[in-house]
Amino acid sequence: MKNIKRRIAFNKFWDYVFWVTGLLSTLVGLVLLFTLIVDLFLDGSGRLSYKFFTSFPSRFPEEAGILSAWVGTFFLMIVTAFAAIPLGVAAGIYLEEYAKKNWLTDIIEINIANLAGVPSIIYGLLAMGLFVYFFKFGESILTGGLALALLILPMVIMATREAIRAIPNSIREASYALGATKWQTVWWHIIPYSTGGILTGIIIGLSRAIGETAPIITVGALTFIAFLPTPPITSGFPFISFKWLFDPFTVMPIQIFNWVSRPQAEFHINAAAAGIVLMIMTLLMNGIAIYIRYRFRKKIKW
Amino acid sequence: MSVIISGELKAEVKNLNFYYGDVHALRDINLPIERRKVSALIGPSGCGKTTFLRCFNRMHDLYPHNRYEGKIILHPDNINIILPEIDPIEIRMQISMVFQKPNPFPKSIYENVAYGLRVRGINKRQLLDEKVEKSLRGAALWDEVKDRLHNLAFDLSGGQQQRLCIARALATDPRILLFDEPTSALDPTATSKIEELIVELKNEVTIIIVTHNMQQAARVSDYTAFMYLGEIIEFDKTDKIFTAPSNRLTEEYITGRFG
Ligand SMILES: Nc1ncnc2c1ncn2[C@@H]1O[C@H](COP(=O)(O)OP(=O)(O)O)[C@@H](O)[C@H]1O
Ligand SMILES: [Mg+2]
């Protein structure tokens, strides 16, 4: 009896040891992250003001702002979304619902999974060759947006496929049994029931794209821009203009990079402030993704 | 076999063989289906009942490597519905199916029933309303759901969901209605409701039902086919099968000695 008790105490000791180790490891991660965020806030929050958002970059740190950077990021994300969403969703639907399962689709599948792991600078090189030199889009918003679209395309495809795979086959069979065609089944069931998962994937993809720097620099984004792209809405007919697509641009992470690489400490404050803005943008997008997932989960449970 | 059938034929299965790739799942099946009667398929698990039923609406065409041989003649058109050159969609528009587990769409009750009509391009509100009500009445569900047609179908109980699936299948005025063990996921009360409904429905539509519950076959069907290892061992009037089967295997099965 005494032996057994000792044995149990011994076993429990190891239980306890692991509990402590696990807790400490978790804390290290959390504390580090927290310190980083607090540090960023302490450094930068003083510079956050209305003026910071509405000013162009400048030689004088106190006057410099992120206007061209956040506008550039915004326009870039629009191009990225418009290119990546239809392509990615269509490819995902095709692969799940239409493609025959054979060696060719296996190869495509492996390639898409691998593409998701390709370093982002490679996408920059690809975009430069394809969009700048071949299609002659210039070092423009269009090129940058398409480069990021390529980058997140595998994520959108995979999110779409996963969301579609979550739909039970009995739903497809119910639809086909009523005489529906493949497209009717996709349009009335597959797309609506996977929208939650697809949207989540898209937003997470965009929130990755928003912080990307390497491919954007590669395709020639400028670091100092003191003007805005051409407005997409015009006063005269036809009231809409796509000239902005071909304008040069800068984005948030490049602006940050530019400021930290300056010798004056004052600029580092600007960088921290812009970092806060970028981080809040990302967190907001992730928050929206979580909310969408929650809403759709509540409505559709298989 | 056709001497057993007294009335008008709705369908005739002739030398049907079916293959899942290399798996020979149905062997030389011959079976007459009488119009506006209930024909039951019974037999132990894995004997091919589902496989056979799903030939009638060409569900096997949804998956690769499946192959049919032989004929399923649909009367009065006298066409062989398993011919590859006949579009499965054309067949599914005339032969509806109710599945083993209730599988409503995550849409409203109304939209579930209306779906088959929408697939056929019917979008007129008034016509849809009429058809939805008629089908829900036909499936003995109308009184329970008439005040909440636009609620989600998932909020219904299992038995109600299955009756909704029956309403959905009825909405398109099918010529044959296929049931694959429609009550195996339901409790006894819900089961007896569906059984009553099936007996009711045969006034309007020809029914083929798969069941592993022999009492159910005895209660609802006019004809019964006993299947074993992909073959039809015996086919007869239901009374005859359950009182005086002529095959030893059938007798062993219905007396519960195997299966
Ligand atoms: N998709 C499939 N591929 C290969 N074999 C299958 C497939 N579906 C069913 N089978 C086989 O066909 C036989 C009949 O199955 P099934 O029709 O489902 O039987 P039941 O409905 O009578 O239980 C079984 O032996 C089963 O293993
Ligand atoms: Mg079965």
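Keep in mind that this is a model prediction, so the values were computed, not measured.

Criteria and cut-off values
Residues numbered from 1 in each chain as written. Chains lettered and ligands numbered in written order. Predicted model: local features only at pLDDT ≥ 70, side-chain atom pairs only at ≥ 80, totals over all residues. Heavy atoms only, no water. 1 Å grid on protein atoms, 1.4 Å probe; cavity = no way out; pocket = protein on both sides within 12 Å on 5 of 7 lines; lining within 4 Å. Points joined across faces, edges and corners; volume = space filled by probe spheres on them. Nonpolar A, V, L, I, M, F, W, Y, C, P; charged D, E, K, R; others polar. Buried < 20%, exposed > 50% of the residue type's maximum accessible area, 1.4 Å probe, protein only. Helix = DSSP H or I, 4+ residues; strand = E, 2+ residues; numbered from the N terminus. Pairing = 2+ DSSP bridges. Domains from an automatic or database assignment. Buried area = accessible area lost by both parts, 1.4 Å probe. Salt bridge = Lys/Arg side-chain N within 4 Å of Asp/Glu carboxyl O. Contact = heavy atoms within 4.5 Å. Polar contact = N/O pair within 3.5 Å; in protein donor to acceptor, adjacent residues only side chain to side chain. Near = heavy atom within 4 Å. Areas by Shrake-Rupley, 256 points an atom, 1.4 Å probe, with all protein chains shown as cover. Axes fitted to C-alpha atoms, helices over the stretch in contact; angles between N-to-C directions. Left-handed = near helix turned anticlockwise from the far one by under 90°. Disulfide = S-S within 2.5 Å.

Topic: empty space enclosed by the protein
Residue and element names in this part refer to chain A. Overall, the coordinates contain one cavity of 30 Å³ or more when judged by the stated rule. Of the volumes computed, that of the largest cavity is approximately 50 Å³. Lining of the largest cavity is provided by Ser68, Gly72, Ile225, Phe227, Leu228, Pro229, Pro248, Phe249 and Thr250. In terms of residue class, the lining of the largest cavity is made up of six nonpolar, three polar and no charged.

Side note on the pairing of strand β6 (residues 95-98) of chain B
Residue and element names in this part refer to chain B. With burial as the criterion, each face of β6 is covered, one bearing Ile95 and Met97 and the other bearing Ser96 and Val98. Strand direction decides the pairing type here: β6 and strand β7 (residues 176-180), joined by four bridges, are parallel. Note on β7: the bridge partner recorded for Met97 is Leu178.

Regarding the pairing of strand β3 (residues 38-42) of chain B
Residue and element names in this part refer to chain B. Summarising burial for β3: five of the five residues are buried, a large majority. A two-sided burial pattern is seen for β3, the buried positions comprising Val38, Ala40 and Ile42 on one face and Ser39 and Leu41 on the other. Bridge count for β3 against strand β8 (residues 206-210) is four bridges, and the pairing is parallel. By the bridge assignment, Ser39 is partnered in β8 with Ile208. Inspection of the sheet shows β3 paired to strand β9 (residues 223-228) by four bridges, in the parallel sense. Pairing of Ile42 across the sheet is with Phe226, part of β9.

Digging into the domain arrangement of chain A
Residue and element names in this part refer to chain A. Looking at the assigned domains, one finds that chain A contains domain 1 (2-46) and domain 2 (50-299). Inter-centroid distance (C-alpha atoms) of domain 1 to domain 2 is 36 Å. Three residues stand out in domain 1 for area buried against domain 2, namely Leu40, Phe41 and Gly44, and they jointly supply 70% of the buried area on that side. Across the contact surface, domain 1 and domain 2 share zero salt bridges.

A word on the interface of chain B and chain A
By a widespread convention, an interface's size corresponds to the accessible area lost as its parts come together. Facing the 25 residues of chain B at the interface are 21 residues of chain A. Interface area for chain B against chain A, summed over the two sides, is near 1,900 Å², with a carbon-plus-sulfur share of 65%. Inspection of the chain B/chain A interface yields one salt bridge. Between Arg54(B) and Glu173(A) there is a salt bridge, and its shortest N-O distance comes to 2.7 Å. Our count for the chain B to chain A interface comes out at nine residue pairs in polar contact (both at pLDDT 80 or more). Of all elements in the fold, only α2 (88-92), β6, α3 (109-119) and α6 (158-170) of chain B reach the threshold of two or more residues within the side of chain B that touches chain A. Broken down by element, the side of chain B that touches chain A gets its largest block of residues, four residues, from α3(B). In terms of residue class, the side of chain B that touches chain A is built from 16 nonpolar, three polar and six charged.

Some points on the site of ligand 1
Residue and element names in this part refer to chain B. Around ligand 1 lies a shell formed by Tyr20, Ala25, Ser45, Gly46, Cys47, Gly48, Lys49, Thr50 and Thr51. Take Tyr20: an N or O atom from its side chain is 3.5 Å from a nitrogen atom of ligand 1. Interatomic distance of 3.1 Å between a backbone N/O atom of Gly48 and an oxygen atom of ligand 1. Summarising the interface, the protein chains cover 57% of the accessible area of ligand 1, which totals 560 Å² for the free molecule. Among the residues making up the shell around ligand 1, the classes are represented as three nonpolar, five polar and one charged.

Considerations on the packing of α3(B) against α6(B)
All names here are of chain B. Close contact between α3 and α6 brings their axes to 7 Å; oriented N to C, the two are set at 35°. With respect to the hand of their crossing, α3 and α6 are arranged in right-handed fashion. Contacts between α3 and α6 pair Ile109, Asn112 and Val113 from the former with Leu164, Ala167 and Arg168 from the latter. When the residues that make up the contact of α3 with α6 are grouped by side-chain class, the tally is four nonpolar, one polar and one charged.

A few points about the state of the cysteines
Taken as a whole and assessed by the stated rule, the structure comprises zero disulfides over all chains. Looking at the unpaired Cys47(B), the closest cysteine sulfur is the one in Cys55(B), lying at 13 Å.

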